[in-house]
Amino acid sequence: MSIGHPLELSREPHTTSPARSVDPTAWQEAGLPTMLDPRSVVGELHRIHLPHPGVTVLGVLAADGRVVAGASFAVPERITDGWHLRNVLLAHLRHVVPHGLRRRAPLHSAVVLQCRDAPSDWTELDGAWMWALRDASGLHGMRCGGYITLTEAGWQVLGESRRGRSPQAGALGRRALSTVSELPSREHLPALTASPESRPRPALMPAPAIAQLAAQ
């Protein structure tokens, strides 16, 4: 289900605020929990959403590292400020998983997979997304998980040394952007080499209302 509704933001250009950005050093020093099996997480998110360059995938992980919910979406290129990106993530988190603010300890963690042509290394826009992920996770009562880039060369977890050649950006073609709140059990998910036509479509929910993010 496409969720490419334009964000109703001002027409003025947006620039990344230094106060709403995280560089790789600060990200590493924050002591955020690492993913138990990033290769499996990346493979699962890719298998479900089939992201192509320009698409962001938000994944929700259980305590054992399994992907349990998520969303794929595209954000206009002019939106580069961490505050707006945080609101985008919050809108999707509220749509796919209950908040954990009343829990003594977070039940879930959130990760972001950024699919693009290049580069695979950190950029200033990644810094804004990292700030957004960390802030949105806290506001929703979740742990802040990893930030992953996916290009034609493969994937890598920024701030860590873990990377792989498969999956790659754009592999297996394109599919509609989607919000997924319930996933089929792992044993029923198709192999990564299955054709798009034979791949079962996960349950889709209506797109979150993100047109009024700027007013929040």
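Up top is the structure these notes are about.
Worth saying up front: this structure is predicted, and the values here are computed from it rather than measured.

(A) Structural detail: helix H3 (residues 82-96). Here H3 contains 15 residues, and its C-alpha end-to-end distance of 21 Å stays within 8% of the 21 Å for a straight helix at 1.5 Å per residue. With 12 of 15 residues buried, H3 lies mostly within the body of the structure. Among all positions of H3, only Gly82, His84, Leu85, Arg86, Asn87, Val88, Leu89, Leu90, Ala91, His92, Leu93 and Val96 are buried. Taking the backbone nitrogen of Trp83 as reference, a side-chain oxygen 2.8 Å away marks Asp81 as the first, capping residue of H3.

(B) Representation of unusual backbone geometry in the model. Going from Ala118 to Pro119, the amide bond is cis rather than trans, its omega being -5°. Between Ser166 and Pro167 the backbone carries a cis peptide bond, its omega angle lying at 5°. Tracing the backbone through its elements, the reader meets Pro167 in the loop between strand E6 (163-164) and strand E7 (179-180). In this structure, Leu50 takes a positive phi of about 45° despite not being glycine. Topologically, Leu50 is positioned in the loop between helix H2 (38-49) and strand E1 (56-61). Looking at Leu50, the relative accessible area reads 3%, which means it is buried.

(C) Layout of the pattern of salt bridges. In total, this model carries six salt bridges according to the counting rule given. Two residues, Arg20 and Asp81, come together in a salt bridge whose shortest N-O distance is 2.8 Å. Here Asp81 lies in the loop between strand E2 (67-73) and H3 and Arg20 lies in the segment before helix H1 (24-29), a separation of 61 residues in the sequence. Residue Arg20 is classed as partly exposed on the basis of its relative accessible area, which comes to 27%.

(D) Highlighting the nonpolar core. Phe73, Leu89 and Leu93 are the most contacted members of the largest nonpolar core, which has 29 residues in total. A total of seven residues in this core trace back to one element, the largest contributor, which is helix H4 (residues 124-139). The contacts of Leu93, once residues within four sequence positions are left out, are Leu58, Val60, Ala110, Ala136, His140 and Met142. One finds Val55, Ile148, Leu150 and Val157 within the second-largest nonpolar core, a separate group that totals 17 residues.

(E) The arrangement of the side chain of Ser72 in detail. Tracing the backbone through its elements, the reader meets Ser72 in strand E2. Polar side-chain contacts of Ser72 include one of 3.2 Å to the side chain of His49.

(F) Fine view of H4. Across its 16 residues, H4 extends 23 Å between first and last C-alpha, which sits within 8% of the 22 Å expected from 1.5 Å per residue. Asp126, Gly127, Ala128, Trp129, Met130, Trp131, Ala132, Leu133, Ala136 and Ser137 are the residues of H4 that are buried. Where the residues of H4 are buried, they touch H1, E1, E2, H3, strand E3 (109-115) and strand E4 (143-151). Phi turns positive, to about 70°, at Gly141, one or two residues after H4.

(G) Up close: the pairing of E4. Burial runs high along E4: eight of the nine residues are buried. Pairing analysis gives six bridges linking E3 to E4, with the strands arranged parallel. Bridge pairing in E4 places Ala110 opposite Cys144. Counting the residues that bridge the hairpin from E4 to strand E5 (residues 154-157) gives two residues.

Definitions and limits used
Think of each chain on its own: its residues are numbered from 1, step by step along the sequence as written. Predicted model: local features are reported for residues with pLDDT of at least 70 only, side-chain atom pairs are reported and counted for 80 or more only, and whole-chain, interface and lining totals are derived from all residues. Each side-chain value is worked out from all heavy atoms of the structure, with water and hydrogens disregarded. Numbered from the N terminus, helices here are DSSP runs of H or I no shorter than four residues, and strands are runs of E no shorter than two. Between the first and last residue of a helix there are one fewer steps than residues, each counted as 1.5 Å, and that sum is the expected span. Only protein chains enter the accessibility calculation, which uses a 1.4 Å probe. A residue is then buried if its area is under 20% of the maximum for its type, exposed if over 50%, and partly exposed in between. Whenever a nitrogen or oxygen atom comes within 3.5 Å of another N or O atom, the pair is scored as a polar contact, on the condition that within protein one atom can donate a hydrogen and the other can accept it, and that pairs from neighbouring residues in sequence are kept only if both atoms are in side chains. Each salt bridge in this description consists of a side-chain nitrogen of Lys or Arg and a carboxyl oxygen of Asp or Glu lying within 4 Å of one another. Here, nonpolar core refers to any group of buried Ala, Val, Leu, Ile, Met, Phe, Trp, Tyr and Cys residues whose side-chain atoms link them within 4.5 Å. Residue contacts are counted whenever heavy atoms from the two residues lie within 4.5 Å of one another. Note on pairing: DSSP must find at least two bridges between two strands before they are called paired.

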